[in-house]
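Fold and contact review
Below, each chain spelled out in residue letters.
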Amino acid sequence: MNVQPYPLHFKPEFKERVWGGRALEKFGFDVPAGAIGEGWMIADHPNGVSHVTNGPFAGKGLDEIRETVGEAWFGTKGGASGNGRFPLLVKLLDCNDDLSIQVHPNDTYAGLPQGELGKTEMWYVLDAKPDAKIIYGLQPGVSREAMAKAIAENRIMDCLQEVPVRAGDAFYIPAGTVHALCAGVVVAEIQQNSDTTYRLYDYNRPGLDGKPRELHIEDSLNVTAYEGAGAERMDTSAAVPGEWLTLAKSPYFKTDKGIVRGPWSLSTTPDSFVIVIVCEGSGTIGWESGLVDAKAGDCFLLPANLGGYTLDGSMTVLRSLVP
């Protein structure tokens, strides 16, 4: 199938979560009934695949497209994830309630499920209620022994750092960082293509099926980086129109924030696709042979071989690629 490269726009794969709500409706999505916590915006995983809404590939899943177009579209670096799938997973999260206290493994952890990768990720806060906060790392000096003892005595919260958040904050969360989003935030999440989460604590609440959700204490204790994994918070208010501000850089992804105020000419490279997430505002993405509208909540995959493209309008965007 000989298709000329163009920006792919995706229909989310929605996930009901005990902590979810209805906030993703504000982006104009057709959100199914229930407590919807996650929109898997660009996804190629056994637990969820997103489908294209526009152009010659409309209706096709990212998994099928990947097998059709290969490295030319995804790039010499972006075409390889370590497990044969698309390397990143992009989500929008509606945290209507607190998420579990959790930690993710790295790629080398022996307990990883078959075919799974580790999970390094980042968050960009799209919306936050006035008193919103997150759990972000351990208190200084907390050891494995101290955390195990606190868990056994049902006081794990004593070991954790709480951080207030506001819209525009960005957080880098390398594998091994204990963390949790809390009620009242909506975030964009860019992560390795993994669905492996180890829960340390879940507030003793029932899951969607009325039963307590599984905890993974031993795995969590094993993978936690007690001396810190390099987690970093970024104040993104320094972003200026027409310049990229780097928010996070890992071996798996590099994410920048950009403010669009009128035409901004850019280009992809053969190394990697580019993912564009529209955080606020609206505008267009233009390329040699077309133009597509873009509004808050939209996520686009720009092929590595797209070449020159132009962001236009008045909007704030995130750009992610494989470094």
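Counting from 1, residues in each chain are numbered in the order their sequence is written. Note on the predicted model: pLDDT of at least 70 is required for a residue's local features to be given, and 80 or more for side-chain atom pairs to be given and counted; whole-chain, interface and lining totals, by contrast, use all residues. Side-chain metrics in this entry use all non-hydrogen atoms of the structure; hydrogen atoms and water are not considered.

1. A few points about the overall build of the protein
- Strands here are runs of E lasting at least two residues and helices are runs of H or I lasting at least four, both read from the DSSP assignment and numbered beginning at the N terminus. Across its full length, the protein holds four helices and 23 strands.
- Based on C-alpha atoms, the radius of gyration is set beside the globule rule, defined as 2.2 Å times the residue count to the power 0.38. Taking 2.2 N^0.38 as the reference for a compact globule, 323 residues should give roughly 20 Å; the C-alpha atoms of the protein span a radius of gyration of 19 Å, in line with that estimate.
- Considered along the principal axes of its C-alpha atoms, the protein spans approximately 65 × 40 × 40 Å.
- Relative accessibility thresholds used throughout: buried, under 20% of the residue-type maximum; exposed, over 50%; partly exposed, between the two (1.4 Å probe, protein chains only). Burial statistics for the protein: of 323 residues in total, 56% are counted as buried.
- For the protein, the proportion of contacts with a sequence separation of at least 24, taken over those separated by at least 6, is 75%.
- Residue-level accessible areas treat just the shown protein chains as cover; the underlying method is Shrake-Rupley with a 1.4 Å probe. When the accessible surface of the protein is totalled, it reaches about 13,300 Å², and 48% of it is carbon and sulfur.
- Charge convention: Lys and Arg are scored as positive, Asp and Glu as negative, and His as well as the terminal groups of each chain are ignored. In plain terms, the charge of a residue is placed at NZ if it is Lys, CZ if Arg, CG if Asp and CD if Glu. Mean positive and mean negative side-chain charge positions of the protein (28 and 41 charges, respectively) differ by 1 Å. Contacts are assigned to residue pairs with any non-hydrogen atoms lying within 4.5 Å of each other.

2. Considerations on helix α1 (residues 62-69)
- Along α1, the residues that are buried comprise Leu62, Ile65, Arg66 and Val69. Seen end-on, α1 carries its buried residues on one side only, within an arc spanning 105 degrees.
- Gly70 occupies a position one or two residues after α1 and carries a positive phi of about 65 degrees. The directions from the helix axis to the C-beta atoms are what the arc is built from.

3. A short note on the layout of surface pockets
- The pocket and cavity definitions rest on a 1 Å grid over protein atoms only: a 1.4 Å probe that fits but cannot leave marks a cavity, an open set with protein on both sides within 12 Å along at least five of seven lines marks a pocket, and residues lining either have an atom within 4 Å of a point. Grid points are joined across faces, edges and corners, and a volume is the space filled by probe spheres set on the points. Of the pockets and cavities examined, the largest pocket occupies roughly 510 Å³.
- What lines the largest pocket is a set of 24 residues, among which Arg17, Glu38, Thr197, Arg199 and Arg213 lie closest to the centre.
- Every element with two or more residues in the lining of the largest pocket is listed here: β2 (13-21), β7 (88-95) and β9 (121-128).
- Tallying contributions element by element places β2 first for the lining of the largest pocket, with four residues.
- Residue classes follow a fixed rule: Ala, Val, Leu, Ile, Met, Phe, Trp, Tyr, Cys and Pro count as nonpolar, while Asp, Glu, Lys and Arg count as charged, and any other residue, Gly among them, counts as polar. Here the residues of the lining of the largest pocket sort into six nonpolar, seven polar and eleven charged.

4. Some words on the state of the cysteines
- Disulfide assignment relies on a single distance test, namely cysteine sulfur atoms paired within 2.5 Å. For the coordinates displayed, the defined rule picks out zero disulfides.
- This cysteine, Cys95, is not joined by any disulfide, and Cys182 carries the nearest cysteine sulfur, 8.4 Å off.
- Not part of a disulfide, Cys299 finds its nearest cysteine sulfur in Cys279, a span of 8.6 Å.
- With a relative accessible area of 1%, Cys299 lands in the buried category.

5. Notes on the UniProt feature "domain: Mannose-6-phosphate isomerase cupin" (unreviewed entry) in the protein
- UniProt tags residues 246-321 as "domain: Mannose-6-phosphate isomerase cupin" (unreviewed entry).
- The straight-line gap between the two end C-alpha atoms of residues 246-321 is 12 Å; of that span, 0% is helix and 71% is strand. UniProt positions are given in the numbering used here, feature names are shortened, and annotations may be inferred rather than shown by experiment.

6. Regarding the environment of Gly79
- Structurally, the position occupied by Gly79 is in the loop between α2 (71-74) and β7.
- Residues Gly79 and Asp271 lie 192 residues apart in sequence; the distance between their C-alpha atoms is 8.7 Å.

7. Considerations on the pairing of strand β21 (residues 290-295)
- Only strands that DSSP links by at least two bridges are regarded as paired with each other. Note that strand β20 (residues 274-287) and β21 share six bridges and pair antiparallel. Bridge pairing links Ile285 to Val292 in β21.
- Between β20 and β21, which follow one another and run antiparallel, lie two residues.

8. Observations concerning the packing of aromatic side chains
- In this scheme Phe, Tyr and Trp rings, the latter by its six-membered ring, pair at centre separations within 6.5 Å, and the angle between planes marks the pair as stacked below 30 degrees, edge-to-face above 60, and tilted otherwise. Enumeration over the complete set of coordinates arrives at 13 aromatic pairs.
- Geometrically, the ring pair formed by Phe27 and Phe29 is tilted, given 6.0 Å between the ring centres and 50 degrees between the ring planes.
- With relative accessibility at 6%, the residue Phe27 sits in the buried group.
- Taking relative accessible area as the criterion, Phe29 reaches 13% and is therefore assigned buried.

9. A word on the pattern of salt bridges
- Each salt bridge in this description consists of a side-chain nitrogen of Lys or Arg and a carboxyl oxygen of Asp or Glu lying within 4 Å of one another. The final tally for this structure, using the stated rule, is 21 salt bridges.
- A salt bridge links Asp202 to Arg205; the shortest N-O distance between them is 2.9 Å.
- Here Asp202 falls in the buried class, since its relative accessible area comes to 5%.
- Ionic contacts of the salt-bridge type, sharing partners, join the residues Arg17, Glu38, Lys91 and Glu189 into one network.

10. Some words on the environment of Val278
- Checked against the element boundaries, Val278 lands in strand β20.
- Of the residues examined, Val278 reaches a relative accessible area of 2% and is grouped as buried.
- Separated by 16 residues in the primary sequence, Val278 and Ala294 have C-alpha atoms spaced 7.1 Å apart.
- Ignoring anything within four residues of it in the chain, the contact list for Val278 reads Ala294, Lys295, Ala296, Gly297, Asp298, Phe300, Met315, Thr316 and Val317.

11. Here we look at the environment of Phe86
- Relative to the elements of secondary structure, Phe86 occurs in the loop between α2 and β7.
- As a C-alpha pair, Phe86 and Asp44 span 42 residues in sequence and 5.9 Å in three-dimensional space.

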